[in-house]
Amino acid sequence: MGKKVTIKLETGTVYQKDEGGTYYFRYQVRKERKCVSLKTQNQEEAVRKAKELLPIVKATSAEIISAHVKVARKLALQAQALPVRNIWQTYSAHPQRAMPATVREQLSYEATLNEFLAFLDPRTTEFNSITTDMAVKFAEHLKTTQISVNTHNRKIIRLRKIFETLRDYRTEENPFASPVLRRKEREEQGTLVRRIAFSREQEEAIRKELDNPKRQMLNKAEIKVIYYIGMYTGQRLKDCVLMQWQNIDMAQRRIWVKQFKTGKEVSLPIAEPLFEVLQQAQEWKVDSYVCPNVAARYQIVDERGKGVGDGLVNIDVLRVIKWIGLEPSVAVPGRKKKATVYGFHSLRHSFASFCAEAGVPKAVVVSILGANSEIIDRFYTHVGEDAQRAAIEAISGKSGGQSDRERIKRALAYIAELPRSTPEIARIVEILSGRR
């Protein structure tokens with residue numbers, strides 16, 4: 001792979017901002033740093049143009065500096081004019097444009113640009129005439145549209161990328177490069193809404209409703225399988241919906257997942273309740289997908305190639321949550337869009353929560369969920385609480401603060417010291433030891 005070229009001259013430097021990109025000439029005039037585009041991707045031509053500027057760059061008189069300005073402007077004006085109406089067409093064909101992983105994000109780039117252009121004064125017709133002040137006003141406008149901080153920042157980042165990619169069509173700096181255009185996460189601290197984990201009772205209620213013949217929905221049997229995969233593996237909705245039989249070993253009772261979001265591979269045993277529903281699913285086995293109808297629905301795209309099926313399946317999933325009396329979304333002050341508190345992702349939170357309650361080591365949960373995410377951290381912040389509590393009790397003059405594990409250990413030690421044992425005592429020992 002090639003590298004960005006940098007060439008030191010007698011005065012100044014010829015360089016590329018991007019590998020294989022346009023060459024620029026950077027130098028100083030009266031201790032003020034200057035930079036002009038040489039409007040070529042050819043190294044020899046770039047060096048020749050830069051050397052032609054050297055006599056002007058090294059001069060000190062006002063007349064020659066004035067000549068320098070004229071030459072620099074001439075170089076800049078060699079760039080092709082870009083009308084505002086052609087920005088997207090030019091950007092989408094540029095080799096250095098962003099390459100989003102999904103059609104949805106690609107369309108989001110175009111939609112964000114169109115939103116910005118609609119905000120501009122109609123008299124702004126040239127790309128080169130868009131100023132930093134216009135970008136600042138647009139950022140202020142976004143704050144009034146009741147979108148989240150995350151959505152706001154994504155829009156600014158998209159525009160920054162578009163302007164950076166088309167920098168050869170501009171004589172000024174990127175108007176969206178300033179960090180002040182982005183919002184701080186702390187702005188939403190007072191209205192932060194977090195995804196809520198299901199309780200064991202709520203998960204049991206979901207299982208009952210999925211078996212309730214009075215509840216009707218499209219592909220209900222497959223939705224049940226998807227819910228069970230989520231409950232007993234902690235994986236994301238897409239990983240559960242697009243699960244394939246080749247990744248399930250029924251004989252060894254093991255399941256493999258290569259997560260779509262992270263690309264990480266996880267392997268884990270199949271829990272008994274999940275094994276039972278997978279056995280039922282084998283009755284409709286027709287292709288590679290465990291849930292073929294839901295998988296096909298999930299992969300539906302519109303005429304532009306944008307995925308819309310994931311939204312349809314998510315609606316189906318949320319319907320089950322509503323069956324047990326939970327409202328998936330809540331209104332958030334200052335935001336137009338409701339925030340989701342209960343969804344399929346809540347199963348991932350529940351999985352981490354139940355593991356933490358059972359004393360499963362954090363590293364084991366990481367190996368299952370596939371990431372050391374904030375979900376895991378959220379439920380493992382209690383690690384060491386028993387020791388902390390004992391420390392606080394010690395300095396406050398209290399004693400006897402012990403964890404459940406310590407109390408069980410003491411009970412077993414006491415039983416071992418008894419003069420004789422009975423079947424009842426032996427059974428108690430088995431329970432406390434976790435043998436059965």
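Details of the structure are given in the entry above.
Below: a short report on this structure. Nothing here was measured: the structure is a model prediction, and the numbers come from that model.

So, about the overall build of the protein chain. Within the protein chain one finds 18 helices and 9 strands. Across the 436 residues of the protein chain, 40% fall into the buried class. Within the protein chain, contacts between residues at least 6 apart in sequence are counted, and of these 56% link residues at least 24 apart. For the protein chain, the accessible area works out to roughly 25700 Å², and carbon and sulfur atoms hold 50% of it.

Moving on, we come to the packing of helix H4 (residues 103-119) against helix H5 (residues 132-143). It is the contact of H4 with H5, at a shortest axis distance of 10 Å, that shows an interaxial angle of 105°. Classified by the angle between their axes, H4 and H5 sit roughly perpendicular to one another. For the pair H4 and H5, contact is made by Glu115, Phe116 and Phe119 and by Met134, Lys137, Phe138, His141 and Leu142, respectively. Residue classes in the contact of H4 with H5 are distributed as 5 nonpolar, 1 polar and 2 charged.

Here we take up the sheet that holds strand S5 (residues 248-249). Pairing within the open sheet is antiparallel, and its 3 strands lie in the order S5-S6-S7. Strand pairing shows two members of the sheet lacking a second neighbour, S5 and strand S7 (265-269), which therefore form its edges. Relative to strand S6 (residues 254-258), S5 is paired through 2 bridges, and the arrangement is antiparallel. Opposite isoleucine 248, over in S6, you have isoleucine 255 as the bridge partner.

Moving on, we get to the pattern of salt bridges. Under the counting rule described, the total for this entry stands at 16 salt bridges. Note that lysine 49 is salt-bridged to glutamate 45, the shortest N-O span being 3.7 Å. In this pair, lysine 49 and glutamate 45 are both assigned in helix H1 (residues 43-58), 4 residues apart and thus about one turn of the helix distant. For glutamate 45, a relative accessible area of 28% translates into the label partly exposed. Across the pair arginine 48 and glutamate 52 runs a salt bridge whose closest N-O atoms are separated by 3.0 Å. Here arginine 48 pairs with glutamate 52, and both are found in helix H1, just 4 residues apart, close to one helical turn.

A word on the pairing of strand S2 (residues 13-16). Because side chains alternate across S2, one face comprises the buried residues Thr13 and Tyr15, and the other comprises Val14 and Gln16, equally buried. Bridge count for strand S1 (residues 6-8) against S2 is 3 bridges, and the pairing is antiparallel. Paired with threonine 6 across the bridge in S2 is tyrosine 15. Hairpin connection between S1 and S2: a loop of 4 residues separates the two successive antiparallel strands, and glycine 12 in this loop has a positive phi of roughly 90°.

Rules behind the numbers
- Residues numbered from 1 in each chain as written.
- Predicted model: local features only at pLDDT ≥ 70, side-chain atom pairs only at ≥ 80, totals over all residues.
- Heavy atoms only, no water.
- Helix = DSSP H or I, 4+ residues; strand = E, 2+ residues; numbered from the N terminus.
- Buried < 20%, exposed > 50% of the residue type's maximum accessible area, 1.4 Å probe, protein only.
- Contact = heavy atoms within 4.5 Å.
- Areas by Shrake-Rupley, 256 points an atom, 1.4 Å probe, with all protein chains shown as cover.
- Axes fitted to C-alpha atoms, helices over the stretch in contact; angles between N-to-C directions.
- Parallel < 35°, antiparallel > 145°, perpendicular 65-115°, else oblique.
- Nonpolar A, V, L, I, M, F, W, Y, C, P; charged D, E, K, R; others polar.
- Pairing = 2+ DSSP bridges.
- Salt bridge = Lys/Arg side-chain N within 4 Å of Asp/Glu carboxyl O.

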